[in-house]
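Survey of secondary and tertiary structure
Residue-level listing of the chains:
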Amino acid sequence: MAIVTGSHSAVGATAEPWCQQMKTAVRSSEELLRLLDLPPLCDERLESAVASFPVFVPRNFLAKMKQGDPSDPLLKQVLPSPAETEPFIGFQADPVGDTSAQLEPFLLKKYHGRTLLITTGACAIHCRYCFRRHYPYHEATGQGDALLQAVERIREDDSIDEVILSGGDPLTLVDSRIEEIYQSLARISHVRRLRIHTRLPIVIPERVTHLLRDILVKTRLKTVFVVHVNHPRELTGGVGPALQSIASLGVPVLNQSVLLSEVNDSIDTLSQLSLKLIDYSVMPYYLHQLDRVQGSHHFEVARSRGLKLIEGLRKQLPGYAVPRYVCEEPGAAHKTPIG
Ligand SMILES: *Cc1c(COP(=O)(O)O)cnc(C)c1O
Ligand code: SF4
């Protein structure tokens, strides 16, 4: 993941409020801790943790954290830890086999009918547990000819009826760019659905612009919108209504979460999350077991505990509010259910 750079990125491209939020994001642990009234972290290992994956936290998201609380579950997701630099058996750079699933430099195909297009390496927040934190984006960014090449590949393969825009985060691209991508995919007759995997409206709800909402529906393609929320507090501050405004267009909105130690590994937190999502017409979709990416072992929750959490959710929630607990196994034909 890179901090936003490049010709198709948002920063500097327009004066939209969401672009301003990207520009003013907090980019260092020191500043993050200072703004939260917390003492600085003094550990030389942190420098290497952030060297390849810097801190990036928009102020909207920061505003939802509790002042003076080092265990805040939102802070935990973005604050680098010295534990990231410790090698840990079983944790590797590419835990999900992304590099071997490449059709083109930034087109991945693992599952029947669906292909995943990496449109950019940029994100609007840097999540320390990210499974793509070591992905070689510099070799594969969705710009110019490389994107055309991927679109050509999709055209040649009529088994593909769904294209997933991923990244990075595809919504770091400006609306005109998203529209171009929609238009080129809509011209391929076997493509029926376009799915957007994004965390952007969670961090910067202003990203849900009128133009974006128009783009999602003024097309022959059926849009499916998949967001990433881990904790119920992430839905405050205008996020819920922004998601509701997408659902009200008739676009299915789904959520995926990652099960994270000390962030959402309790029945109470997961249950509140599901219920709040439903309030805003967002359906819980997946609860992912952490992908074992190098530097993320301190976030891992044992599967036995995950299963207990799911069982607890089943006992208190309607069936539709219980997410599917899954993991990703390299080479498997689908996400693998746990339990
Ligand atoms: C997760 C993933 C998908 C989507 O899988 P669904 O189960 O349909 O949500 C598609 N392609 C790749 C490469 C993936 O990792
Ligand atoms: S989890 Fe998603 S939003 Fe977070 S850094 Fe990874 S790709 Fe970006």
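Residues numbered from 1 in each chain as written. Chains lettered and ligands numbered in written order. Predicted model: local features only at pLDDT ≥ 70, side-chain atom pairs only at ≥ 80, totals over all residues. Heavy atoms only, no water.

1. Re the site of ligand 1
Defined as follows: What makes a residue near a molecule or strand is one non-hydrogen atom of that residue sitting within 4 Å of it. In protein, a polar contact means a hydrogen-donor-capable atom and an acceptor-capable atom, both N or O and within 3.5 Å, with residues adjacent in sequence counting only if both atoms are side-chain atoms; elsewhere, any N or O pair within 3.5 Å suffices. Calculation of accessible area relied on Shrake-Rupley with a 1.4 Å probe; when residues are assessed, cover is drawn exclusively from the protein chains displayed. What counts as a helix is a DSSP run of H or I of at least four residues, what counts as a strand is a run of E of at least two, and both are numbered from the N terminus. In the scheme used here, Gly and all other residues not listed as nonpolar or charged are polar, with Ala, Val, Leu, Ile, Met, Phe, Trp, Tyr, Cys and Pro taken as nonpolar and Asp, Glu, Lys and Arg as charged.
The local shell around ligand 1 consists of Lys110, Tyr111, Arg114, Leu116, Ile164, Arg195, Tyr285, Tyr286, Glu328 and Lys335. Tyr286 is positioned such that a nitrogen or oxygen atom in its side chain is 2.6 Å from an oxygen atom of ligand 1. Between ligand 1 and Lys335 there is a distance of 3.0 Å, counted from an oxygen atom to a side-chain nitrogen or oxygen. Alone, ligand 1 offers 390 Å² of accessible surface; in the complex the protein occludes 92% of this. For the shell around ligand 1, the secondary-structure elements that each account for two or more residues are strand S3 (114–118) and strand S8 (283–288). Of the residues contributing to the shell around ligand 1, the split by class is 5 nonpolar, no polar and 5 charged.

2. Remarks on helix H11 (residues 267–279)
Basically, it comes down to this: In a helix, the anticipated span is given by 1.5 Å times the number of residues less one. Accessible area is worked out with a 1.4 Å probe on protein chains only. A residue is then buried under 20% of its type maximum, exposed over 50%, and partly exposed in between. Should any heavy atoms of two residues lie within 4.5 Å, those residues are counted as being in contact.
The end-to-end C-alpha separation of H11 is 18 Å, in line with the 18 Å expected for 13 residues at 1.5 Å each. Along H11, the positions that sit buried rather than exposed are Thr269, Leu270, Ser271, Leu273, Ser274 and Leu277. Buried residues along H11 sit in contact with strand S7 (253–258), S8 and helix H12 (303–316). Directly after H11, the chain includes Ser281, whose backbone phi takes a positive value near 65°.

3. Remarks on the nonpolar core
As a reminder, the rule being used: Residue types Ala, Val, Leu, Ile, Met, Phe, Trp, Tyr and Cys, when buried and joined through side-chain atoms within 4.5 Å, form a set referred to as a nonpolar core.
One finds Leu32, Val57, Met65, Leu185 and Phe225 to be the most contacted residues of the largest nonpolar core, which totals 78 residues. Ranked by residue count, the leading element in this core is helix H10 (residues 239–247), at 5 residues. With sequence-adjacent residues up to four places away left out, Val57 is seen in contact with Ala25, Val26, Leu32, Leu62, Met65 and Val78. Grouped together as the second largest cluster of nonpolar side chains are 13 residues, Leu309, Ala321, Cys327 and Ile338 included.

4. A few points about the confidence of the model for the chain
Regions with low pLDDT should not have their predicted coordinates read in detail. This is how the line gets drawn: Scored between 0 and 100, pLDDT is the confidence that the predictor attaches to each residue.
With 94% of its residues at a pLDDT of 70 or more, the chain shows a mean pLDDT of 93. Across residues 1–12 the pLDDT falls below 50, and counting only partners more than four positions away or on other chains, this stretch makes 42 contacts in the model.

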